[in-house]
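Structural characterization, general
Listed below are the residues making up each chain.
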Amino acid sequence: MKIAFIGGGNMATALIAGLAGQLTEAGRLHVVDPNAEALARLAQQYGVSTAPAIDAQVADVQVVVLAVKPQQMREVAASLAPHLSGQLLLSIAAGIRIADLSRWLGGYGAIVRSMPNTPALIGMGITGMVAQGGVNAAQREAADQVMRAVGKTVWLDDEAQIDPVTAVSGSGPAYVFYFLEAMQQAALEMGLSAEQGRELALATFTGAAQLAAQSGDPVEVLRQRVTSKGGTTHAAITSMEAADVKGAIVEAMKAAAARGRELGEELGKD
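Described in the following lines is the structure provided in the data block. (Residues numbered from 1 in each chain as written. Predicted model: local features only at pLDDT ≥ 70, side-chain atom pairs only at ≥ 80, totals over all residues. Heavy atoms only, no water.)

Within the protein one finds 11 helices and 8 strands. Counting only C-alpha atoms, the protein reaches 70 × 40 × 30 Å along its principal axes. Taking all 270 residues of the protein together, 39% fall into the buried category. As displayed, the protein has an accessible area near 14600 Å², and 56% of this comes from carbon and sulfur atoms. Within the protein, one finds 20 positive and 26 negative side-chain charges whose respective centroids are separated by 3 Å. (Helix = DSSP H or I, 4+ residues; strand = E, 2+ residues; numbered from the N terminus. Buried < 20%, exposed > 50% of the residue type's maximum accessible area, 1.4 Å probe, protein only. Areas by Shrake-Rupley, 256 points an atom, 1.4 Å probe, with all protein chains shown as cover. Lys, Arg positive; Asp, Glu negative; His and termini not counted. Charge placed at Lys NZ, Arg CZ, Asp CG, Glu CD.)

One pass over the full model with this rule turns up 1 aromatic pair. Between Arg140 and the ring centre of Trp155, over which it is positioned, the NZ or CZ distance is 4.0 Å. (Phe/Tyr/Trp six-rings, centres within 6.5 Å; stacked < 30°, edge-to-face > 60°. Lys NZ or Arg CZ within 6 Å of the ring centre and 35° of its normal.)

With that settled, the discussion passes to the pattern of salt bridges. Taken as a whole and assessed by the stated rule, the structure comprises 10 salt bridges. Among the salt bridges present, the one from Arg259 reaches Glu262, with a minimum N-O distance of 3.1 Å. Here Arg259 pairs with Glu262, and both are found in helix H11 (residues 245-267), just 3 residues apart, close to one helical turn. Judged by its relative accessible area of 36%, Arg259 is partly exposed. A single salt-bridge network, built from bridges that share partners, covers Arg97, Asp100 and Arg103. (Salt bridge = Lys/Arg side-chain N within 4 Å of Asp/Glu carboxyl O.)

A cluster of nonpolar side chains, Leu121, Ile122 and Met124, forms an exposed patch at the surface whose accessible area comes to about 340 Å². With respect to the secondary-structure elements, Leu121 resides in the loop between strand S6 (111-115) and strand S7 (125-131). (Patch = residues over 30% accessible without salt bridge, like charges linked within 9 Å, V, L, I, M, F, W, Y side chains within 5 Å.)

Okay, the sheet that holds strand S5 (residues 88-91) next. Taking strand neighbours across the sheet as the criterion, the 8 strands line up as S3-S2-S1-S4-S5-S6-S7-S8 in an open arrangement whose pairing is mixed. Each edge of the open sheet carries a strand with a single partner, namely strand S3 (49-51) and strand S8 (151-155). The mean angle between the axes of side-by-side strands here comes to 25 degrees, regardless of whether they run parallel or antiparallel. Examined bridge by bridge, strand S1 (residues 3-6) and strand S2 (residues 29-32) share 4 bridges and lie parallel to one another. Following the sheet pairing, Ala4 is matched in S2 by His30. Sheet strands in contact with helix H3 (residues 73-80) are S1, strand S4 (63-66) and S5, and its direction is about 155 degrees off that of S4. (Pairing = 2+ DSSP bridges. Axes fitted to C-alpha atoms, helices over the stretch in contact; angles between N-to-C directions. Contact = heavy atoms within 4.5 Å.)

Our focus in this paragraph is helix H1 (residues 10-19). Across the 10 residues that make up H1, a large majority, 8, are buried. Along H1, the positions that sit buried rather than exposed are Met11, Ala12, Thr13, Ala14, Leu15, Ile16, Gly18 and Leu19. Buried residues along H1 sit in contact with S1, S2, helix H2 (36-46), S4 and helix H5 (137-148). Downstream of H1 by one or two residues, Gly21 has phi in the positive range, about 75 degrees.

Here the focus is the pairing of S7. Within S7, 5 of the 7 residues are buried, leaving the element largely enclosed by the surrounding structure. The pairing of S6 with S7 spans 4 bridges and is antiparallel. Residue pairing across strands places Ser114 opposite Met129, the latter belonging to S7. With 5 bridges connecting them, S7 and S8 associate as parallel partners. Looking at the pairing, Gly125 lines up with Gly151 of S8. In this fold, the crossover linking S7 to S8 by way of H5 has right-handed handedness. (Right-handed = clockwise from strand over helix to strand, strands pointing away.)

It is worth spelling out the packing of helix H6 (residues 162-170) against helix H7 (residues 172-189) at this point. Interaxial distance between H6 and H7 falls to 5 Å at its minimum, and their mutual angle equals 30 degrees. By the criterion of interaxial angle, the relationship of H6 to H7 is roughly parallel. Taken together, the residues of H7 that come into contact with H6 (itself represented by Ala167, Val168, Ser169 and Gly170) are Gly172, Pro173 and Tyr175. Residues of the contact of H6 with H7, tallied by class, amount to 4 nonpolar, 3 polar and no charged. (Parallel < 35°, antiparallel > 145°, perpendicular 65-115°, else oblique. Nonpolar A, V, L, I, M, F, W, Y, C, P; charged D, E, K, R; others polar.)

With that settled, consider unusual backbone geometry. Leave glycine aside and you will find that most residues have negative phi; peptide bonds, for their part, are mostly trans. In this structure, Asp244 is a non-glycine residue whose phi angle is positive, near 55 degrees. Structurally, Asp244 can be placed in the loop between helix H10 (232-242) and H11.

The next thing to look at is H6. Along H6, the residues classified as buried are Ile162, Asp163, Val165, Thr166, Ala167 and Ser169. Against the buried residues of H6 lie S6, S7, H7 and H11.

Quick look at the structure:
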């Protein structure tokens, strides 16, 4: 499989690291980015071919990964259109709807939209994906293989589900970091050192997440097993419930999904 990346930022680099020498040879990966320093780093580290602008090599690939900022997508589409002849376009740009991207490309039909998250940088991401009607089975599998190079994939039936995916997993790492911040702050305020608080918080979060992933029980049951009535955990959970922490988290995620819909409308305006 030959793959071209339009954009050589962090997410593209993570994908290249996962793909090079695994799904395909590094020499069959091509990266386009105006940043000469980024291109030099990618070429030296992974052995990919590079170019400062979209070139003829893009016409000779099976998959084009669109890894540019959403605000740049319309301009990129204009430069890309002359080089398209049936390649699969795999967009990882937040907020760009398939219909808008297709329109900017003159009605192009082979587009998969995806929403990865930052744990992809260490090969532990998860990506929500949805395919346009013009994507065939082989192209869908190719898109899945590309994103599975950095983690798990979840296929969606409706593009409207991308916004909830963005709220849950796309933005989700920030919620985890936010909770870890609070745990570390509490540790400091209760007399532990910053190093101790960090080590305890990270190990607890990582261990609890792995326990939930490996257990067949719902997370609610796992929580109840730790929460003995009248105990320390019960005191903490009771305090959180009094402050409606769960409700606040749910509303925050709904706000993230709503903002995702708004971004799609804003970025897709003519």
